[in-house]
Amino acid sequence: TQLLEQSPQFLSIQEGENLTVYCNSSSVFSSLQWYRQEPGEGPVLLVTVVTGGEVKKLKRLTFQFGDARKDSSLHITAAQPGDTGLYLCAGDAGTALIFGKGTTLSVSS
Amino acid sequence: DAGITQSPRHKVTETGTPVTLRCHQTENHRYMYWYRQDPGHGLRLIHYSYGVKDTDKGEVSDGYSVSRSKTEDFLLTLESATSSQTSVYFCASKGTSGAEAFFGQGTRLTVV
């Protein structure tokens with residue numbers, strides 16, 4: 001069974017702070033994706049990382065894929081209240097798409 | 001936005017009754033998935049399909065069955081609903097391995 005461990009599970013910070021969310025696995029994935037989910041909605045893709053060591057930036061969000069393609073991180077710079085939500089990493093196992101348990105982020109002003 | 005819809009959006013059913021949830025996509029995606037989402041567990045994979053009549057079990061498949069007779073439709077059946085199956089169920093589809101998965105808006109199922 002392929003598992004993705006996300007940490008921390010909950011994060012409550014003030015506007016302007018930086019934060020990092022981690023996604024780790026003992027398995028190698030062909031790609032790893034990060035999704036964001038708002039209450040009452042389905043998850044929406046933020047980014048896909050494919051190559052070991054790859055770094056992608058999406059405005060204030062920086063995503064990194066580990067060299068061995070087993071782990072990834074999401075770093076948010078100067079968090080804003082609009083960043084509040086559930087962040088999920090997902091590993092592509094060919095046919096199956098496996099999700100971590102998610103990180104619930106709350107940013108207060 | 002990808003066209004993926006779930007029905008019903010809300011359902012209350014009694015313990016022991018069969019329940020079928022429907023997922024319909026208009027993108028001709030090859031892969032389709034059913035997940036359940038519970039507090040503290042993220043999205044757990046129930047079953048998935050990689051083509052018409054090609055399905056496989058996920059992490060939490062006990063008590064669930066699926067069918068995919070057409071590319072666009074993926075049905076999830078709870079054979080005999082139990083209270084532990086009270087959850088929010090999400091369907092997703094994607095075109096190829098590594099591609100973005102598009103999600104439906106979820107079905108909130110309550111088993112009483």
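Refer to the preceding data block for the structure.
A quick note: this is a predicted structure, and the numbers were derived from the prediction, not measured. (Residues numbered from 1 in each chain as written. Chains lettered and ligands numbered in written order. Predicted model: local features only at pLDDT ≥ 70, side-chain atom pairs only at ≥ 80, totals over all residues. Heavy atoms only, no water.)

Scanning chain B from terminus to terminus reveals zero helices and 11 strands. Helices (α) and strands (β) of chain B occur, in sequence order from the N terminus, as β-β-β-β-β-β-β-β-β-β-β. In terms of C-alpha radius of gyration, chain B reaches 13 Å, essentially the compact-globule figure of 13 Å for 112 residues. Taken along the three principal axes of its C-alpha coordinates, chain B extends 35 × 25 × 25 Å. When each of the 112 residues of chain B is scored for burial, the buried share is 46%. Partitioning the contacts of chain B with sequence separation of at least 6, the portion at a separation of at least 24 is 54%. As displayed, chain B offers around 5100 Å² of accessible surface, 46% of which is attributable to carbon and sulfur atoms. Each charge class in chain B was averaged separately, 12 positive and 12 negative side chains, and the resulting centres sit 2 Å apart. (Helix = DSSP H or I, 4+ residues; strand = E, 2+ residues; numbered from the N terminus. Rg over C-alpha atoms; globule rule 2.2 N^0.38 Å. Buried < 20%, exposed > 50% of the residue type's maximum accessible area, 1.4 Å probe, protein only. Contact = heavy atoms within 4.5 Å. Areas by Shrake-Rupley, 256 points an atom, 1.4 Å probe, with all protein chains shown as cover. Lys, Arg positive; Asp, Glu negative; His and termini not counted. Charge placed at Lys NZ, Arg CZ, Asp CG, Glu CD.)

Listed as interface residues are 22 residues of chain B and, on the opposing side, 23 residues of chain A. Looking only at chain B, the three residues that lose the most surface to chain A are B:L43, B:E100 and B:F103, adding up to 24% of its buried area. For the pair chain B and chain A, the number of links is one salt bridge. Where chain B touches chain A, the interface holds eight residue pairs in polar contact (both at pLDDT 80 or more). Ranked by the residues each element gives to the side of chain B that touches chain A, the list is headed by strand β5 (residues 42-51) of chain B, at five residues. Residue composition of the side of chain B that touches chain A, by class: 11 nonpolar, eight polar and three charged. (Buried area = accessible area lost by both parts, 1.4 Å probe. Salt bridge = Lys/Arg side-chain N within 4 Å of Asp/Glu carboxyl O. Polar contact = N/O pair within 3.5 Å; in protein donor to acceptor, adjacent residues only side chain to side chain. Nonpolar A, V, L, I, M, F, W, Y, C, P; charged D, E, K, R; others polar.)

Now for the sheet that holds strand β6 (residues 55-58) of chain A. Residue and element names in this part refer to chain A. Strand order in the open sheet formed by five strands is β1-β3-β8-β7-β6, with antiparallel pairing between adjacent strands. The open sheet terminates on both sides in strands that have one partner only, identified here as β1 (5-7) and β6. Ignoring strand direction, the axes of neighbouring strands in this sheet form an average angle of 15 degrees. By the bridge criterion, six bridges tie strand β3 (residues 19-24) to strand β8 (residues 71-76) in an arrangement that is antiparallel. Among the inter-strand pairings, T20 is bridged to a residue of β8, identified as H75. (Pairing = 2+ DSSP bridges. Axes fitted to C-alpha atoms, helices over the stretch in contact; angles between N-to-C directions.)

With that settled, consider the state of the cysteines. All names here are of chain A. Counted according to the given criterion, the structure contains two disulfides over all chains. What pairs with C23 in a disulfide is C89, and their sulfur atoms sit 2.0 Å apart. Since a negative S-S torsion denotes a left-handed disulfide, the C23-C89 link at about 75 degrees is right-handed. Of this pair, C23 sits in strand β3 while C89 sits in strand β9 (residues 85-93), and the two are 66 residues apart along the sequence. Taking relative accessible area as the criterion, C23 reaches 0% and is therefore assigned buried. (Disulfide = S-S within 2.5 Å.)

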